[in-house]
Amino acid sequence: MAEASVVPESVANEPRRSARSLYSALEVDARLLGLIGALIIIWIGFNIMSGGLFLTPRNLWNLSVQSASVGIMATGMVLIIVSRNIDLSVGSVLTFTGMTMAMLQTQWLPSGLLGQPYTWIIVLAIGLALGAAIGTLQGFIIAYLGVPSFIVTLGGLLIWAGLAFEEASGQTISPLDANFQLLGGGPTGSLGETLSWAVGILACIGIVYSLIASRRRRRKYGFPVRPQWAEATLMVVSIAAVLGAIWIANSYYWPAALAEQFGKGPNTPVGIANPVLIAIGVAIVMTILATRRRFGRYVFAIGGNPEAAELGGIATRRTIMLTFVIMSTLAAVSAAILSARLNAGVTGLGAQAELYVIAAAVIGGTSFAGGIGTIPGAILGAVVMQSLQSGMVLLRVDSPIQDIVVGIVLVAAVGTDAALRRRAR
Amino acid sequence: MSEVLKDAADATRPPAPSAKGVPLVEMRNIKIAFGGVHAVDNVSVDLYPGEVIGLVGGNGAGKSTLIRALSGARPADSGEILINGEPVSIGNPRDAKQYGIETIYQQLALADNVDATANMFLGRELTTRFGSLDDSAMEAATRKVMGRLNPRFKNFKVPVKSLSGGQRQSVAIARAVHFNAKILIMDEPTAALGPAETAQVRDLVSQLKAEGIGIFLISHDIHDVFDLSDRISVMHQGKLVGTVDKDKVTKDEVLAMIIIGRPPSEVSKTEIAELIG
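Residues numbered from 1 in each chain as written. Chains lettered and ligands numbered in written order. Predicted model: local features only at pLDDT ≥ 70, side-chain atom pairs only at ≥ 80, totals over all residues.

Caption draft 1: Representation of the overall build of chain A within the structure. Across its full length, chain A carries 19 helices and 0 strands. Taking 22 Å as the expected radius of gyration for a compact globule of 425 residues, we find that chain A reaches 22 Å, a close match to that expectation. Oriented by its inertia axes, the alpha-carbon framework of chain A measures out at about 70 × 65 × 45 Å. Taken across its 425 residues, chain A has 42% of its residues classed as buried. Within chain A, counting contacts between residues at least 6 apart in sequence, those at least 24 apart form 78% of the total. (Helix = DSSP H or I, 4+ residues; strand = E, 2+ residues; numbered from the N terminus. Rg over C-alpha atoms; globule rule 2.2 N^0.38 Å. Buried ≥ 20, exposed ≤ 12 C-beta atoms within 10 Å, placed from the backbone. Contact = placed C-beta atoms within 7 Å.)

Structural data, given as structure tokens:
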């Protein structure tokens, strides 16, 4: 279905092709297309059921902000699961690093460093370093001491949540630094119209450049390349998607009261929220890491056959440890976003986040058998989960029922995926 | 002592080093234990350039364990390894590869979920000057090597899981060949292969031998070993029974060494007769 819908007008003039040959010429990931199809169905379904409330710039903008924190962590969880491990501690690491950053900017830093324009940078740097240190510790125990990741991170789940409670004596720590709050999004923590378009245009240039560069490389070695029309289709669809997203973000305006307070005129576009920008940055970096660097190649090889990876001369233990360092650092990134958004350090900030993060990665096609998973898939998985939740909130579905639906969707998604994989074999 | 057995007794002494120069590999007094079990007990073998050593023995004789010490998969507990006469320390597979030791494992040791190119360069990827993987250059090199080894191989973009046993074998061999192995270890290279593919592996062994590569060939198949090897080292319950020149022994005598665990000089004619039945 999704394959047919992307045929542009120009293709109609070419010799007739079946949907199958078009699809194979595009060389796009079938699983990713399926996920996009599912997302479109979910969005349209909720829009109809809510009487047109779902597909509004306001709701989609909120959806993008809400998906950001789980999406960021899901990219790290992909690498963990691909290498046949699990990290159950991400929610507690999030809570602990979030609370620590809150304490730093309210009480712990020397007063000379508080309330400065650079305070947020110091706080964020310490928060990320703390995340990396936690990941190093857990990763070391898992990779070098051989304790199963399930056990180590189950312990971590209890330990880091307990430490978060202890360091703040169970209190909510608020308010946070004014600049730090901008990490959380909201109209003030967004790019605004011009910058959003600038980001969009940069992204388009990046897409065009990478498609052309990859084609050149393959040409140079005389490998088969996509037909030109397929390349053009891919380019046009990607650019349209990017510019469409920017247009939607810019169609969401500052709420009237807030706009007045900040001296903005009516109908001032909000643009892309900072958390979304961070999530996009993380997704790009993680995709490069996973597919274009040795580290990512090793993570996948370890997941495919740990013994072969070891015999191939890969430093498997260091690679595994690094996946946990990345995971906990990303949890700290999400902690900054979520606490900034709440304007507080809270003891329950990351409660159950591990479940949503794992679910997002798995819905996005990451296999527990190891060796299979993609970063864009995990991000889409996070958006699917968040869409379900925010759609049900719009429909005023009770929270226990929401949990039931999300649970069913998780199992159904993985079940379908497994069935399709068996058939493909 | 009969004439035949006397010859065989001479054959248990390896040729004098001076005849062939410095050995490519010398493993001296290697000991490897698992718990209290001596999997390899004081074994010494050597290998010269352009030579094929057949390493034979029953199940649990310790031949794979001995060879894993050379490939770095499980370092020896004690003993010495010399490459070109220089003592070396091989603590992991990376060390072994640095000395030009390549291994084709019985279970092939491929990462099933990635393609032939990724497997061939596993652990030794080519990168661009920015440090990212140079997939095109690696694919080009893989196509070139495969064109030589298995011209019918076309599936460069699919996970090796979906390849046939012979194709997977080609990938494993291509990996060893491409990186200019000086010392090649083949652990049951034909175990999973059909007749045509087995013939292909035999051709390859002869070709590599002619290029001056030293090969350790581990096999259950005594015919394979007799066809391909120059010398045969027999192991029995972790100990080296002896190393014999292929031309100076019969298959029956080697079989007797494998089963009884004593060199031909110490095996009576009646024992061999009983064995053969």
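Caption draft 2: Representation of the overall build of chain B within the structure. Counting secondary structure elements, chain B contains 11 helices and 10 strands. The C-alpha radius of gyration of chain B comes to 20 Å, within 12% of the 19 Å expected for a compact globule of 277 residues. In terms of its C-alpha atoms, chain B occupies a principal-axis envelope of roughly 70 × 40 × 40 Å. Burial analysis of chain B (277 residues in total) assigns 45% to the buried set. Looking at chain B alone, contacts between residues at least 24 apart form 65% of all its contacts between residues at least 6 apart.

Caption draft 3: Quick peek at the confidence of the model for chain A. Taken over all residues, the pLDDT of chain A has a mean of 90, while the share at 70 or more is 93%. Throughout residues 1-17 of chain A the model reports pLDDT below 50, and contacts reaching past four residues in sequence, or to other chains, amount to 18 contacts. (pLDDT = per-residue confidence, 0-100.)

Caption draft 4: View of the interface of chain A and chain B. Contacts between chain A and chain B engage 24 residues on the former and 20 residues on the latter. Of all elements in the fold, only α10 (192-220), α14 (294-304) and α15 (306-311) of chain A reach the threshold of two or more residues within the side of chain A that touches chain B. If one sorts the elements of the side of chain A that touches chain B by residue count, α14(A) sits on top with 6 residues. The class makeup of the residues in the side of chain A that touches chain B is 9 nonpolar, 6 polar and 9 charged. (Nonpolar A, V, L, I, M, F, W, Y, C, P; charged D, E, K, R; others polar.)

Caption draft 5: The sheet that holds strand β6 (residues 101-104) of chain B, seen in detail. Residues and elements named next belong to chain B. With mixed pairing, 6 strands are arranged side by side in an open sheet as β6-β7-β8-β3-β9-β10. Looking at strand neighbours, the two that pair on one side only are β6 and β10 (239-245), the edges of this open sheet. Strand-to-strand twist across the sheet, computed as the mean angle between neighbouring axes with direction ignored, equals 15°. Bridge count for β6 against strand β7 (residues 183-187) is 4 bridges, and the pairing is parallel. Note on β7: the bridge partner recorded for I104 is M186. Most of the contacts of helix α8 (residues 195-210) go to strand β8 (residues 214-218), to which it runs at about 150°, and overall it touches β3 (52-56), β7 and β8. (Pairing = 2+ DSSP bridges. Axes fitted to C-alpha atoms, helices over the stretch in contact; angles between N-to-C directions.)

Caption draft 6: Highlighting unusual backbone geometry. For the peptide bond that leads from S174(A) to P175(A), omega is -5°, which places it in the cis range. When you line up the elements, P175(A) lands in the loop between α8 (149-167) and α9 (178-181). Phi at N267(A) is positive, roughly 55°, even though this residue is not glycine. Tracing the chain through its elements places N267(A) in the loop between α12 (256-261) and α13 (274-291). On the basis of neighbour counts, which here come to 10 C-beta atoms within 10 Å, the residue N267(A) falls in the exposed class. For N42(B), which is not a glycine, the phi torsion comes out positive at approximately 60°. A tally of 14 C-beta atoms within 10 Å means that N42(B) is categorised as partly exposed.

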